[in-house]
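Summary of the model geometry
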Amino acid sequence: MFRSIGFIGGGRVTRILLGGWKLGQALPQIVRVSDPGADSLEKLRRILPWIERFAGDNAPPATCDIVFLALHPPAIPAVLGEIRSHLRPDATLVSLAPKISLAKLTELAGRARNVARVIPNAPSIVGEGFNPVAFSGNFHPEAKEDLNALLRVLGKCPEVREDSLEAYAILTGMGPTFLWFQLVELMRLAETFGLGAEEAAEATYRMVAGAAKTLHGSGLLPEDVIDLIPVKPLSDDEETIREIYRSRLSALHRKLKG
């Protein structure tokens, strides 16, 4: 297992993953995080006061057993050029970004043999994530099992084809953002209809969990699932909503794959 874990980038995704490992009591002894922004490091300090934080110095996290690149794709090449001499040959390097391929990461990383890409999912913070992973061809089997064991604490971590990661980035990585604001609005409306805040939250949770399980596990065709409820107050707007999904998300997928 990994005795030390490093994050280059201390933003949202780092807080999500560290929060999930904290909840699952799976954090290694040494956690190092670097970020140029003091605000990001301060937010991490409030969650995990004992971790080592480095403002603008990526070298300490880069020397860990496993190193996560929690960066936007355009920043990755320059950062890898900066840290490649600090990466150990037996270290595991994990990119949490779309777009930059395993081949490019391996080229830029220099000595690192074990290179992987993961598309992180926000529900990992409560151990209910879905974090697909792709591995470089020469990834050591023992290191692969160690990474999978770490990811399993966060939820599901299927090994997938690398060329599918950008699709997962939109579906599972960004997917909660397509739903959360609608669910919050439903809860607020339910309170105006007379439910208490806790009642509305519990009902919404149960509704979403059951609806997802019905779609995935009932054995019915999607159109038959949709037909289970006869009253559809938003039916006049459904095609407009579908078109928003199709146009905006298809364009985003083309951009990520380009």
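Bear in mind the structure is a predicted one, so any value in this text is a computation, not a measurement.

Here we come to the overall build of the chain. Each helix and strand in the chain was counted, giving 11 helices and 9 strands. Dimensions of the chain along its principal axes, counting C-alpha atoms only, are 60 × 40 × 30 Å. The long-range fraction of contacts in the chain, counting pairs at least 24 apart against all pairs at least 6 apart in sequence, stands at 62%. Of the roughly 14,600 Å² that the chain leaves accessible, carbon and sulfur atoms contribute 58%. Seen as two clouds, the 30 positive and the 30 negative side-chain charges of the chain have centres 6 Å apart.

With respect to topology, 7 strands assemble into an open sheet ordered S3-S2-S1-S4-S5-S6-S8, the strand pairing being mixed. Edge positions in the sheet fall to strand S3 (52–55) and strand S8 (133–135), since each of these pairs with one other strand and no more. Geometrically, the sheet is characterised by an average inter-axis angle of 20° between neighbouring strands, direction not taken into account. Strand direction decides the pairing type here: strand S2 (residues 30–35) and S3, joined by 4 bridges, are parallel. Within S3, the position partnered with Arg 32 by the bridge is Glu 52. Contacting strand S1 (4–8), strand S4 (66–69) and strand S5 (92–95), helix H4 (residues 76–83) crosses the sheet at an angle of about 150° to S4.

What follows is about the pattern of salt bridges. In total, this model carries 17 salt bridges according to the counting rule given. With a closest N to O distance of 2.8 Å, Arg 117 and Glu 166 form a salt bridge. With Arg 117 in strand S6 (residues 114–118) and Glu 166 in helix H7 (residues 165–173), the pair connects residues that are 49 residues apart, well separated along the chain. Here the two residues Arg 117 and Glu 166 agree in accessibility, since each one is buried. One salt bridge connects Asp 163 with Arg 161, and the closest N-O pair in it is separated by 2.8 Å. Among the charged side chains, a salt-bridge network with shared partners connects Glu 238, Glu 239, Arg 242, Glu 243 and Arg 246.

Turning our eyes to something else, we now look at the packing of aromatic side chains. Counted by the stated rule, this structure contains 6 aromatic pairs. Measuring from centroid to centroid gives 6.1 Å for Phe 130 and Tyr 168, while their planes differ by 40°, and the two rings are tilted. Residue Phe 130 is found in strand S7 (residues 129–130), and its partner Tyr 168 is found in helix H7; the two are separated by 38 residues along the sequence. Here Phe 178 and Tyr 245 contribute two aromatic rings whose centre-to-centre distance is 5.9 Å and whose plane-to-plane angle is 70°, an arrangement assigned as edge-to-face. Taken together, the residues Phe 178 in helix H8 (residues 175–192) and Tyr 245 in helix H11 (residues 238–257) connect sequence positions 67 residues apart. The exposure class of Tyr 245 is partly exposed, given its relative accessible area of 33%. An aromatic cluster is defined as three or more aromatic residues linked by ring pairs; in this entry it consists of Phe 7, Trp 21 and Phe 68. Stacked on the ring of Phe 135, the Lys or Arg Lys 144 has its end atom at 4.6 Å from the ring centre.

About the cut-offs
Sequence positions are assigned chain by chain, starting from 1 and proceeding in written order. Only residues with pLDDT of at least 70 are given local features in this predicted model, and only at 80 or more are side-chain atom pairs given and counted; all residues enter the totals for whole chains, interfaces and linings. Just so you know, side-chain values use all the structure's heavy atoms and leave hydrogens and water out. Here a helix means four or more residues in a row that DSSP labels H or I, a strand means two or more in a row labelled E, and each is numbered from the N terminus. Note on contacts: a residue pair is in contact if any heavy atoms of the two residues lie within 4.5 Å. For the area figures, the Shrake-Rupley method with a 1.4 Å probe applies, and any residue is considered shielded solely by the protein chains shown. Working convention for charge: Lys and Arg count positive, Asp and Glu count negative, and His plus the chain ends are omitted. To locate a charge, take atom NZ for lysine, CZ for arginine, CG for aspartate or CD for glutamate. Two strands pair under a simple rule: DSSP has to find at least two bridges between them. Here the axes come from fitting lines to C-alpha atoms, over the contacting stretch only for helices, and the angles between their N-to-C directions go from 0 to 180 degrees. In what follows, salt bridge is the name for a side-chain nitrogen of Lys or Arg lying within 4 Å of a carboxyl oxygen of Asp or Glu. In this scheme, a residue with accessible area under 20% of its type's maximum is buried, one over 50% is exposed, and one in between is partly exposed, where area comes from a 1.4 Å probe on protein chains only. Stacked, edge-to-face and tilted labels apply to pairs of Phe, Tyr and Trp rings (six-membered ring for Trp) whose centres lie within 6.5 Å, assigned for plane angles under 30 degrees, over 60, and everything in between, in that order. In this scheme, the term charge over a ring applies when either NZ of a lysine or CZ of an arginine sits within 6 Å of the ring centre and within 35 degrees of the ring normal.

Everything listed here is a matter of coordinates, which is why it stays silent on function.
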